[in-house]
Amino acid sequence: MQRIINFILSYRNAFLYGFLMVISLALTIRTHSYHQSKFFNSSKWVMGNVYGTASNISSYFGLREENNRLLEENEQLRKLLFNPQKEPVQEKDSIFKDYEVITANLIKNSFSSPRNYVTIDKGENHGIEQDMGVITTKGILGIVENTSSKFATVQSVLNTKSNINAKIKNTNYFGSLIWDVQDYKVVQLIDIPRLVPLVVGDTIVTGAMSSIFPENIPIGVIKKYDLNASRSFYNIDVELFNDMANIKNVYLIKNMNKEEIKKLEAKTADE
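Once a new chain begins, its residue numbering starts again from 1 and follows that chain's sequence as written. A pLDDT threshold of at least 70 governs which residues receive local features in this predicted model, and a stricter bar of 80 or more applies before side-chain atom pairs are shown or counted, although totals over entire chains, interfaces and linings include all residues. To obtain the side-chain values, all non-hydrogen atoms of the structure were used and water was disregarded.

Help me get a handle on the environment of Lys138, residues and values and all.
Where helices and strands are cited, they refer to DSSP runs of H or I of at least four residues and of E of at least two residues respectively, numbered from the N terminus. Looking at the element boundaries, Lys138 is found in the loop between strand E3 (133-135) and strand E4 (140-147). Linking Lys138 and Ile219, residues 81 residues apart in sequence, is a C-alpha distance of 7.9 Å. Among all residues touching Lys138, those that are not within four sequence positions of it are Pro218, Phe241 and Asn242. The contact criterion used is simple: two residues touch if any of their non-hydrogen atoms lie within 4.5 Å.

Put into structure tokens, the structure is as follows:
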């Protein structure tokens, strides 16, 4: 307490000066309309900036909630996209007749090794299963390989083991999408016959010969192409739409008919 008293006594002149200045300013503002106007305009400007800063801070901390809301809306839109002219099953609106879509976030990403995998924050508890397709808002990312109760690993398209059915958009010419490890921005489309007319810039999308991805999911565009050693098929470099080094939010696609298709194909193969 004595220290506080000593501090006040030491700076009493400064405190007195400040007190008198406040009184003089108050009297000036009250007795002069010009000064009063300037004071209130300045106050509004200061308070406006304070409230604006507070609003920006509040909005920043609300970004995660807003982002989750947008992801949920996109999830519903993609269900409609993958299930054209189909209505939701009445018992559970989140399940559609052909494809179900689940949102998730990446918690680990690799893109610089020959066999790249990503880890997501959803697992068996959220309905994630092996062989579910994984995409982003721009294009395909990979296929679920392993799951735990809360997490799952995804085999990236940037993996030498990856082999995905793909085609040239608006055609029925199919091939296999692989990766040659040379560039994380570019994958290869093989087995496209030489009779197919190609143009650099043509769009490559997923094909219909797969029970994992719906048809026409974007992949990338033709960067360059040439004929292979047998000169019967093209080797095509495809520049990915996805920036594989900068991915956060993903969508997992479950084909509700996959098991029935696999059982039928297995039965046919055994005959």
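Can you lay out the packing of aromatic side chains for me, pointing to particular residues and giving the numbers?
Here is the rule: rings of Phe, Tyr and Trp (six-membered ring for Trp) pair when centre to centre is within 6.5 Å. Planes less than 30 degrees apart are stacked, more than 60 are edge-to-face, and the remainder are tilted. Enumeration over the complete set of coordinates arrives at two aromatic pairs. A centroid spacing of 5.1 Å and a plane angle of 45° characterise the contact between Phe111 and Tyr184, whose relative ring orientation is tilted. Linking Phe111 in the loop between strand E1 (99-109) and strand E2 (115-120) with Tyr184 in the loop between strand E7 (174-178) and strand E8 (186-193), this pair joins segments that are 73 residues apart in sequence. Between Tyr225 and Tyr234, the ring centres sit 5.5 Å apart and the planes meet at 90°, which makes this aromatic pair edge-to-face. Only protein chains enter the area calculation, which uses a 1.4 Å probe; residues under 20% of their type maximum are buried, those over 50% are exposed, and those in between are partly exposed. Looking at Tyr225, the relative accessible area reads 32%, which means it is partly exposed.

How would you summarise the side chain of Thr136 if you had to cite specific residues and measurements?
Of note, Thr136 is situated in the loop between E3 and E4. Thr136 gets classed as buried once you look at its relative accessible area, which sits at 7%.

How would you explain the pattern of salt bridges if you had to name every residue and give the values?
Criterion for a salt bridge: a side-chain nitrogen of Lys or Arg within 4 Å of a carboxyl oxygen of Asp or Glu. In total, this model carries three salt bridges according to the counting rule given. A salt bridge links Glu215 to Lys167; the nearest nitrogen and oxygen atoms lie 2.5 Å apart. Taken together, the positions of Glu215 in the loop between strand E9 (203-206) and strand E10 (218-227) and Lys167 in strand E6 (residues 164-168) put the pair 48 residues apart, joining distant regions of the chain. Assessed through its relative accessible area of 36%, Glu215 is described here as partly exposed. Between Asp237 and Lys224 there is a salt bridge, with its nearest N and O atoms 4.0 Å apart. Taken together, the residues span a long stretch of sequence, with Asp237 in strand E11 (residues 233-240) and Lys224 in strand E10 at a distance of 13 residues.

Talk me through helix H5 (residues 258-270); I want residue IDs and the actual numbers.
Multiplying one less than the number of residues by 1.5 Å gives the expected span of a helix. Given a rise of 1.5 Å per residue, 13 residues ought to cover 18 Å, and the 18 Å separating the end C-alpha atoms of H5 matches this to within 8%. Counting buried residues along H5, only one of its 13 residues qualify, which leaves the element largely exposed.

How would you sum up the nonpolar core? Please name residues and give values.
Core analysis: the largest hydrophobic core is formed by 46 residues, its most contacted members being Ile140, Val250 and Leu252. Of all the elements, E1 adds the most residues to this core, at five residues. Every residue in contact with Ile140, bar those within four places of it in the chain, is listed here: Val134, Ile135, Val157, Ile164, Leu177, Thr206, Phe213, Ile217, Pro218, Ile219 and Asn242. Definition used in this section: a nonpolar core is a set of buried Ala, Val, Leu, Ile, Met, Phe, Trp, Tyr and Cys residues joined via side-chain atoms within 4.5 Å.

How would you summarise the side chain of Ser156 if you had to cite specific residues and measurements?
As for its position among the elements, Ser156 is in strand E5 (residues 152-159). Polar contacts involving the side chain of Ser156 include one to the main-chain amide nitrogen of Leu158, which spans 2.9 Å. Setting aside chain neighbours within four positions, we find Ser156 in contact with Asn116, Tyr117, Leu141, Gly142, Ser162 and Met244. What qualifies as a polar contact is a pair of N or O atoms within 3.5 Å, subject to a donor-acceptor requirement within protein and to the restriction that residues adjacent in sequence count only when both atoms come from side chains.

For the sheet that holds E2, give the residues involved together with the corresponding values.
Taken in spatial order, the six strands of this closed barrel run E1-E2-E5-E4-E3-E12, and their pairing is antiparallel. Each strand axis lies, on average, 45° off the axis of its neighbour in the sheet, ignoring direction. Here E3 pairs with E4 via three bridges, running antiparallel. When the bridges of E4 are listed, Val134 appears paired with Gly142. One bridge is not enough; two strands pair if DSSP finds at least two bridges between them. Orientation is described by lines fitted to C-alpha atoms, with helices fitted over the stretch in contact, and by angles between N-to-C directions that extend from 0 to 180 degrees.

Hey, could you go over the pairing of E10 for me, with residue numbers and the actual values?
As judged from the three bridges shared by E9 and E10, these two strands associate in the antiparallel manner. When the sheet's bridge partners are listed, Thr203 is paired in E10 with Val221. Strand direction decides the pairing type here: E10 and E11, joined by seven bridges, are antiparallel. When the sheet's bridge partners are listed, Tyr225 is paired in E11 with Ile236. Linkage of E10 to E11, two consecutive antiparallel strands, is achieved through a turn of five residues, within which Arg231 is found at a positive phi near 60°.

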